[in-house]
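Residues per chain, in single letters:
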Amino acid sequence: LLPDVCARISGVTTPWLYVGMQFGCFAWHVEDLWLYSVNVLRRGAPKTWYGVPAHAADAFERTARKLVPALFDRSPDLLYQLVTMVAPAEL
C-alpha cells in the first residue's frame with residue numbers, strides 16, 4: 001500500500017528519529033493512522049516499553065479518561081497528541 005501513496009506523510013512515508021536521554025520518556029499515544037510502529041534501541045541501558053493490545057484499547061482509553069478528565073474535556077483526542085503521561089501502575 002505505501003508504495004502507491006504519492007503524498008508525503010510525516011512519520012509514515014518519511015521516517016522520524018527520536019533521540020532519548022537518561023530518564024527520558026515518551027507519552028502514551030495512538031500511532032499515526034492507527035499504524036503499528038517499530039522502536040529500535042541502538043545503545044544504552046535496556047528500556048522498558050509498555051504497549052496496549054488492540055483488544056484492550058477501549059478499556060485503556062476509559063481508564064485514561066477517568067485519571068485525567070479535565071485534559072480530555074479540553075482535548076477529546078488527547079491520546080493522538082503525544083502529551084499524556086500516566087504511570088503504568090495507575091492503569
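Here the structure is shown first, and the text comes after it.
Note that this is a predicted model, so its numbers are computed, not measured.

Conventions and cut-offs
Residues numbered from 1 in each chain as written. Predicted model: local features only at pLDDT ≥ 70, side-chain atom pairs only at ≥ 80, totals over all residues. Heavy atoms only, no water. Helix = DSSP H or I, 4+ residues; strand = E, 2+ residues; numbered from the N terminus. Buried < 20%, exposed > 50% of the residue type's maximum accessible area, 1.4 Å probe, protein only. Contact = heavy atoms within 4.5 Å. Areas by Shrake-Rupley, 256 points an atom, 1.4 Å probe, with all protein chains shown as cover. Core = buried A, V, L, I, M, F, W, Y, C linked by side-chain atoms within 4.5 Å. Salt bridge = Lys/Arg side-chain N within 4 Å of Asp/Glu carboxyl O. Patch = residues over 30% accessible without salt bridge, like charges linked within 9 Å, V, L, I, M, F, W, Y side chains within 5 Å.

## Observations concerning the overall build of the chain
Assigned secondary structure in the chain consists of two helices and zero strands. Counting over 91 residues, the chain shows a buried share of 14%. Restricting the contact set of the chain to residue pairs at least 6 apart, pairs at least 24 apart contribute 46%. If you sum the accessible surface of the chain, you get close to 8,000 Å²; carbon and sulfur atoms cover 59% of it.

## Considering the nonpolar core
Generally speaking, nonpolar side chains in soluble globular proteins are found buried as a group. Residues Trp-28, Phe-60, Ala-64, Val-68, Phe-72, Leu-78, Leu-79 and Val-86 constitute the largest nonpolar core, which totals eight residues. The residues contacting Phe-72, other than those within four sequence positions of it, are Ala-64, Arg-65, Leu-78 and Leu-79.

## A word on the pattern of salt bridges
Tallied over the entire structure, the rule returns one salt bridge. For Glu-61, the salt bridge goes to Arg-65, with nearest N and O atoms at 2.9 Å. With Glu-61 and Arg-65 both in helix H1 (residues 57-67) and four residues apart, this pair spans about one turn of that helix. Since its relative accessible area comes to 27%, Glu-61 is described here as partly exposed.

## What to know about a nonpolar patch on the surface
Taken together, Trp-16, Tyr-18, Phe-26 and Leu-82 make up a surface patch of nonpolar side chains, about 420 Å² in accessible area. Tracing the chain through its elements places Trp-16 in the segment before H1. Judged by relative accessible area, which is 44%, Trp-16 ranks as partly exposed.

## Some details on the side chain of Thr-84
Note that Thr-84 resides in the segment after helix H2 (69-74). With relative accessibility at 2%, the residue Thr-84 sits in the buried group. Residues in contact with Thr-84, not counting those within four places in the same chain, are Ala-27, Trp-28, Leu-78 and Leu-79.

## Side note on the environment of Arg-65
You can call Arg-65 partly exposed: its relative accessible area is 32%. Sequence separation between Arg-65 and Leu-79 is 14 residues; the distance between their C-alpha atoms is 9.8 Å.

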